[in-house]
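Read off the chains here:
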Amino acid sequence: MEEPYKVNDKITAREVRLVGDNVEQGVYQTRDAQRIANEQNLDLVEISPTANPPVCRIIDYSKFKYEQKKKTREMKAKAQKVVVKEIRFGPNTDDHDFEFKLKHAKAFLESGFKIKSYVHFVGRTIVFKERGEILLLKFAQALEDVAKVEQLPKLEGKRMFLMLAPKVAAPVKK
């Protein structure tokens, strides 16, 4: 795996701007900066190669790499994971079943989940495509106060999909 930073002898610039702890900041010849790093038993790491002259820091490179990995791991952990809940209908779904699934969908949306609702056409029921589309649009309309439509009903194979996402509550103004 290729290293993201140039370290010690890999630095090709003649002069570097040196920064770091226990170091007098300024522009040095690369070999002088390398000597200073060696005296402190640390590494000379090129942090910003595009600057003129390139910026180098005197640090323990293995510790620096560990800190970078730790930061990326924390960023991944803090990233919000999107959970998609599926709700299945048939083209002949009755009112009671519809209301039951609607109640579950509201609970999912209030919990912050996305919803992928679909009508599954089995056998000859594919003839009733418009019935499935009307059902999904009715579902979206019933949830319009708590959800926004991400994707309108779309037929893919034997299923007609509708994607819904929770509406973000507007911040309260004082």
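Up top is the structure these notes are about.
Residues numbered from 1 in each chain as written. Predicted model: local features only at pLDDT ≥ 70, side-chain atom pairs only at ≥ 80, totals over all residues. Heavy atoms only, no water.

1. Thoughts on the side chain of S117
- Checked against the element boundaries, S117 lands in strand 7 (residues 114-120).
- For S117, the contacting residues outside a window of four places in its chain are I87, F89, L136, F139, M160, F161 and L162. (Helix = DSSP H or I, 4+ residues; strand = E, 2+ residues; numbered from the N terminus. Contact = heavy atoms within 4.5 Å.)

2. So, the sheet that holds strand 3 (residues 26-29)
- Strand order in the open sheet formed by 5 strands is 1-4-5-2-3, with mixed pairing between adjacent strands. The sheet terminates laterally at strand 1 (6-7) and strand 3, the two strands that pair on one side only.
- Judged from the 4 bridges that link them, strand 2 (residues 15-19) and strand 3 form a sheet pairing that is antiparallel. Directly across from L18, in strand 3, lies its bridge partner G26.
- Here helix 1 (residues 30-39) sits on the sheet and contacts strand 2, strand 3, strand 4 (43-48) and strand 5 (55-59); the angle it forms with strand 3, its principal contact strand, is near 100°.
- On the sheet, helix 2 (residues 61-78) packs against strand 1, strand 4 and strand 5 and is oriented at approximately 40° with respect to strand 4. (Pairing = 2+ DSSP bridges. Axes fitted to C-alpha atoms, helices over the stretch in contact; angles between N-to-C directions.)

3. Concerning a nonpolar patch on the surface
- A cluster of nonpolar side chains, namely L137, V149 and L152, defines an oily patch on the protein surface of about 260 Å² accessible area.
- Checked against the element boundaries, L137 lands in helix 4 (residues 129-142). (Patch = residues over 30% accessible without salt bridge, like charges linked within 9 Å, V, L, I, M, F, W, Y side chains within 5 Å. Areas by Shrake-Rupley, 256 points an atom, 1.4 Å probe, with all protein chains shown as cover. Salt bridge = Lys/Arg side-chain N within 4 Å of Asp/Glu carboxyl O.)

4. Focus: the nonpolar core
- Among the nonpolar cores identified, the biggest contains 19 residues, and F89, I115, F139, L143 and L164 are the most heavily contacted of them.
- Looking at this core, the elements with two or more residues in it are strand 6 (84-89), helix 3 (95-110), strand 7, helix 4 and strand 9 (159-166).
- The residues touching I115, leaving out its near neighbours within four places in the chain, are K85, I87, A105, F108, L109, F139, L162, M163 and L164.
- A33, I36, L44 and C56 belong to the second largest nonpolar core, which has 10 residues in total. (Core = buried A, V, L, I, M, F, W, Y, C linked by side-chain atoms within 4.5 Å. Buried < 20%, exposed > 50% of the residue type's maximum accessible area, 1.4 Å probe, protein only.)

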